[in-house]
Amino acid sequence: MTVTDPEPATPLPLLILGRGADPATERGVECPGDLPAASDPDLVDRARRARDALGERAFLLGHHYQRDEVIQFADVTGDSFKLARDAAARPDAEFIIFCGVHFMAESADILTGDHQQVILPDLAAGCSMADMARIVQVEDAWARLADAGVASSTVPITYMNSSADIKAFVGRNGGAVCTSSNARRALEWAFEHGEKVLFFPDQHLGRNTAVLQMGLTLEDCVVIDPHKPDFGVTDDELRQATMLLWKGHCSVHGRFTVDAVREVRERIPGVNVLVHPECKYEVVTAADYIGSTEYIIKMIDDAPAGSAWAVGTELNLVKRLAERHQDKQVVFLDRNVCFCSTMNRIDLPHLVWAMESLVEGRVVNRIQVDADTTHWAGVALDRMLALPGTAPAQD
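Since the structure is predicted, the reported quantities are computational estimates derived from the model, not experimental observations.

*Asks:* Mind laying out the overall build of the protein chain, listing which residues take part and the relevant values?
*Replies:* For the protein chain, the helix and strand inventory stands at 16 helices and 14 strands. Residues classed as buried in the protein chain amount to 56% of the 395 residues present. Counting contacts in the protein chain only where the partners sit at least 6 residues apart, residues at least 24 apart contribute 68% of the total. Carbon and sulfur atoms make up 49% of the accessible area of the protein chain, which amounts to about 16,200 Å² in all.

Okay, here's the thing in structure tokens:
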């Protein structure tokens, strides 16, 4: 089997938000039509009128990391897979307006009916983590494993934060999808069916789950780097390792450091440090609590009045939690501002434009996954849903 060299890293194109196109990435970024000005004082009223005009024809989903100006119009809020399942539970809605990012809208399209149309208000709202595992790279990596003689004993597991074609690859090759809350169950299932796991696109979730929850060691893990010759690993390393971790990460959670944990403990005596498992290994081991976005929300909701919390996740959510729980001290783990930049591409002008277009009878920015990809991605998702005790609403 011939393995092509990994694609060299290329600079990302500089694109004005919502305009232009980059066909080489997971998402397109074409936004036809004229957007309302962000300074338009009537934006909120225009959004309300458009939402009222669409009525029950539309179902609007808002991810936890979305900005407040958008989340106020959401019918439901939540993490990515929960929102996709919420959409699937509304078969009467003609339009699913997903205020999240591209891979989330793909999941909604996979789970909803053919008669429903999924709309992403700004096609530039992608996910840097999802973009770090492109299908051509993953297929080449799988061929690399085959040449090393380990593909047949390896089960691929992809995090929910991946494109539809990556989920379909996993489905075709006997693997499953996981969320951050059921990653351990997914890995346990994988090791019942193989000797190794290829985990992507987030190396940190894979490493943290395997080492901190399942008793593996850091030495059991190797990193598959799509931008290095032979993916940065030798045949012997591939044969000896148990966890083959794709070199991907979340641009938000990857920013948190041990220094930030140390600083907040010095600044706020008795503070509880609560972080997402997409953070680096050294950060989660320095924290007090680790868990999914829904876990983080529940921990803060259930915390006693007067307690102090430093939260390592996206800033929009942390600000919302702090405002909701003014009887507690809830602060962002890092002093540096850390919004999810791609999630924040969906702003009020894009939402107004998308909804007003639908009111006028024009469907814009529809996300469609082809039938074959939908089938195999659905297989991978179904394997996840069949895991004992799985709570797939938590990503």
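Structure's up, so let's keep going.
*Asks:* Summarise the pairing of strand 10 (residues 272-275); cite the residues concerned and give the values.
*Replies:* Along strand 10, one buried face is formed by Asn272 and Leu274 and the opposite face, lined by Val273 and Val275, is buried too. The pairing of strand 10 with strand 12 (residues 308-312) spans four bridges and is classified as parallel. Along strand 12, the bridge assignment pairs Leu274 with Val311. Examined bridge by bridge, strand 10 and strand 11 (residues 289-290) share two bridges and lie parallel to one another. Opposite Leu274, over in strand 11, you have Tyr289 as the bridge partner. Remark: the strand 10/helix 12 (residues 281-286)/strand 11 crossover connection has right-handed handedness.

*Asks:* Any details on the pairing of strand 3 (residues 95-99)? Residues and values, ideally.
*Replies:* As a general feature of sheets, a regular strand has side chains that alternate between the two faces. Counting buried positions along strand 3 yields five of five residues, so the element is predominantly enclosed. Sheet topology note: the strand 3/strand 4 (residues 117-119) ladder contains three bridges and is parallel. By the bridge assignment, Ile96 is partnered in strand 4 with Val118. On the question of chirality, the crossover connecting strand 3 to the parallel strand 4 by way of helix 4 (residues 102-111) is right-handed.

*Asks:* Could you give an account of the sheet that holds strand 2 (residues 76-78), with specific residues and numbers?
*Replies:* Strand order in the open sheet formed by five strands is 2-1-3-4-14, with mixed pairing between adjacent strands. Looking at strand neighbours, the two that pair on one side only are strand 2 and strand 14 (366-367), the edges of this open sheet. Two strands pair when backbone bridges link them, and strand 4 and strand 14 are joined in this way by two bridges, in the antiparallel orientation. Bridging across to strand 14, Ile119 finds its partner in Arg366.

*Asks:* I'd like a description of the sheet that holds strand 13 (residues 329-332), backed by residues and values.
*Replies:* Strand order in the open sheet made by the four strands is 11-10-12-13, with parallel pairing throughout. The sheet is open, and its two edges are formed by strand 11 and strand 13, each paired on a single side. Packing of helix 13 (residues 293-302) onto the sheet brings it into contact with strand 10, strand 11, strand 12 and strand 13, and relative to strand 10 it is tilted by some 155°.

*Asks:* Got a sec to walk through the packing of helix 13 against helix 14 (residues 315-324)? Specific residues and values, please.
*Replies:* Between helix 13 and helix 14, the shortest axis-to-axis distance is 11 Å and the interhelical angle comes to 20°. Looking at the two axes, helix 13 sits roughly parallel to helix 14. By crossing handedness, the relation of helix 13 to helix 14 is classed as right-handed. For the pair formed by helix 13 and helix 14, the contact residues are Thr293, Ile296, Ile297, Ile300 and Asp301 on the first element and Leu317, Leu321 and Arg324 on the second. A per-class count over the contact of helix 13 with helix 14 returns five nonpolar, one polar and two charged.

*Asks:* So what's going on with the nonpolar core? Residues and values would help.
*Replies:* In this structure, Ile97, Ile157, Phe199, Ile224, Met243, Leu333 and Leu351 are the most contacted members of the largest nonpolar core, which totals 129 residues. Per-element accounting of this core gives the leading share, seven residues, to helix 15 (residues 348-359). For Leu333, the residues in contact, after removing those within four places along its chain, are Phe256, Ala260, Val261, Val264, Val273, Val275, Ala310, Val311 and Gly312.

*Asks:* Which residues make up the pattern of salt bridges, and what values go with them?
*Replies:* For the structure shown, the criterion picks out 20 salt bridges. Here Glu69 ties to Arg67 by a salt bridge, and the two come within 3.9 Å at their closest N and O atoms. Judged by relative accessible area, Glu69 falls into the partly exposed class, the value being 29%. Here Arg320 makes a salt bridge to Asp68, at a shortest N to O gap of 2.7 Å.

*Asks:* Which residues make up empty space enclosed by the protein, and what values do they have?
*Replies:* Scanning the model with the defined rule gives one cavity of 30 Å³ or more in all. Taken as a whole, the largest cavity spans an internal volume of roughly 240 Å³. At the level of secondary structure, the elements contributing two or more residues to the lining of the largest cavity comprise helix 4 and helix 5 (128-131). Tallied by class, the residues present in the lining of the largest cavity amount to eleven nonpolar, ten polar and three charged.

*Asks:* An account of the environment of Val170 is needed here, citing residue identities and associated values.
*Replies:* With respect to the secondary-structure elements, Val170 resides in helix 7 (residues 164-172). Val170 gets classed as buried once you look at its relative accessible area, which sits at 0%. Val170 sits 211 residues away from Leu381 along the chain, and the two C-alpha atoms are 9.5 Å apart.

*Asks:* Let's hear about the packing of helix 1 (residues 43-54) against helix 15: which residues, and what values?
*Replies:* It is at 9 Å that the axes of helix 1 and helix 15 come closest, and there the two elements cross at 35°. For the pair helix 1 and helix 15, the crossing hand works out as left-handed. Contact residues: helix 1 offers Leu43, Val44, Arg46, Ala47, Ala50, Arg51, Ala53 and Leu54, while helix 15 offers Leu348, Pro349, Val352, Met355, Glu356, Leu358 and Val359.

Conventions and cut-offs
- Residues numbered from 1 in each chain as written.
- Predicted model: local features only at pLDDT ≥ 70, side-chain atom pairs only at ≥ 80, totals over all residues.
- Heavy atoms only, no water.
- Helix = DSSP H or I, 4+ residues; strand = E, 2+ residues; numbered from the N terminus.
- Buried < 20%, exposed > 50% of the residue type's maximum accessible area, 1.4 Å probe, protein only.
- Contact = heavy atoms within 4.5 Å.
- Areas by Shrake-Rupley, 256 points an atom, 1.4 Å probe, with all protein chains shown as cover.
- Pairing = 2+ DSSP bridges.
- Right-handed = clockwise from strand over helix to strand, strands pointing away.
- Axes fitted to C-alpha atoms, helices over the stretch in contact; angles between N-to-C directions.
- Parallel < 35°, antiparallel > 145°, perpendicular 65-115°, else oblique.
- Left-handed = near helix turned anticlockwise from the far one by under 90°.
- Nonpolar A, V, L, I, M, F, W, Y, C, P; charged D, E, K, R; others polar.
- Core = buried A, V, L, I, M, F, W, Y, C linked by side-chain atoms within 4.5 Å.
- Salt bridge = Lys/Arg side-chain N within 4 Å of Asp/Glu carboxyl O.
- 1 Å grid on protein atoms, 1.4 Å probe; cavity = no way out; pocket = protein on both sides within 12 Å on 5 of 7 lines; lining within 4 Å.
- Points joined across faces, edges and corners; volume = space filled by probe spheres on them.

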